[in-house]
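In case you want the letters, here they are:
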Amino acid sequence: TRFETNNDKWTAHWTTVLTRLTSILDKAKENFGESEELTEAYTAVASAQSVVDAQAAKEYVIEIDDEASLGENIKKLVSEFRADMKETLDAVKEAKTAVKEAIKNEK
């Protein structure tokens, strides 16, 4: 349940962040009009949201074959979870950077 709890917590947080970035882009579009940079930033946010949604749908289940391999199976699952979370975080960071650059170029 820890994997599920952490996954739910972080994907909800990242969804909130992406929603906030979208509202920032909406305000910029309102103030400056539509531009190529804003369109690219919207695309980056949408792409990151699809990565977050895919991560939210993932389930992490520990396979217990026997006691001897339990530790190795847990290590493998933890490693997979961390890699998935890092990939999702990187997508959110890219979206944030795209929004930042778009706003900077609009000013």
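Before going into details, it helps to say that this report is about the structure given with it. (Residues numbered from 1 in each chain as written. Predicted model: local features only at pLDDT ≥ 70, side-chain atom pairs only at ≥ 80, totals over all residues. Heavy atoms only, no water.)

**Things to note about helix 2 (residues 36-57)**
In an α-helix, one full turn covers 3.6 residues, which means residues spaced three or four apart are oriented alike. For helix 2, spanning 22 residues, the distance from its first C-alpha to its last is 32 Å, which sits close to the expected 32 Å at 1.5 Å a residue. Regarding helix 2, the residues found buried are Leu38, Ala41, Val45, Ala48, Gln49, Val52 and Gln55. Angularly, the buried residues of helix 2 cover 120° about the axis, an arc narrow enough to put them on a single face. Among the exposed residues of helix 2, those pointing more than 90 degrees away from its buried face are Glu36, Thr43 and Ala57. (Helix = DSSP H or I, 4+ residues; strand = E, 2+ residues; numbered from the N terminus. Expected span 1.5 Å × (residues − 1). Buried < 20%, exposed > 50% of the residue type's maximum accessible area, 1.4 Å probe, protein only. Arc of directions from axis to C-beta.)

**A word on a negative patch on the surface**
Together, Glu63, Asp65, Asp66 and Glu67 line one region of the surface with negative charge. Assignment of secondary structure puts Glu67 in helix 3 (residues 67-106). (Patch = residues over 30% accessible without salt bridge, like charges linked within 9 Å, V, L, I, M, F, W, Y side chains within 5 Å. Areas by Shrake-Rupley, 256 points an atom, 1.4 Å probe, with all protein chains shown as cover. Salt bridge = Lys/Arg side-chain N within 4 Å of Asp/Glu carboxyl O. Lys, Arg positive; Asp, Glu negative; His and termini not counted. Charge placed at Lys NZ, Arg CZ, Asp CG, Glu CD.)

**With respect to the packing of aromatic side chains**
Counted according to the given criterion, the structure contains four aromatic pairs. Ring centres 5.0 Å apart and planes at 90° place the aromatic pair Tyr60 and Phe81 in the edge-to-face group. Taken together, the residues Tyr60 in the loop between helix 2 and helix 3 and Phe81 in helix 3 connect sequence positions 21 residues apart. Under the relative-accessibility criterion, Tyr60 is labelled buried at 12%. Three or more aromatic residues link up through ring pairs in this structure, and these residues are Phe3, Tyr60 and Phe81. (Phe/Tyr/Trp six-rings, centres within 6.5 Å; stacked < 30°, edge-to-face > 60°.)

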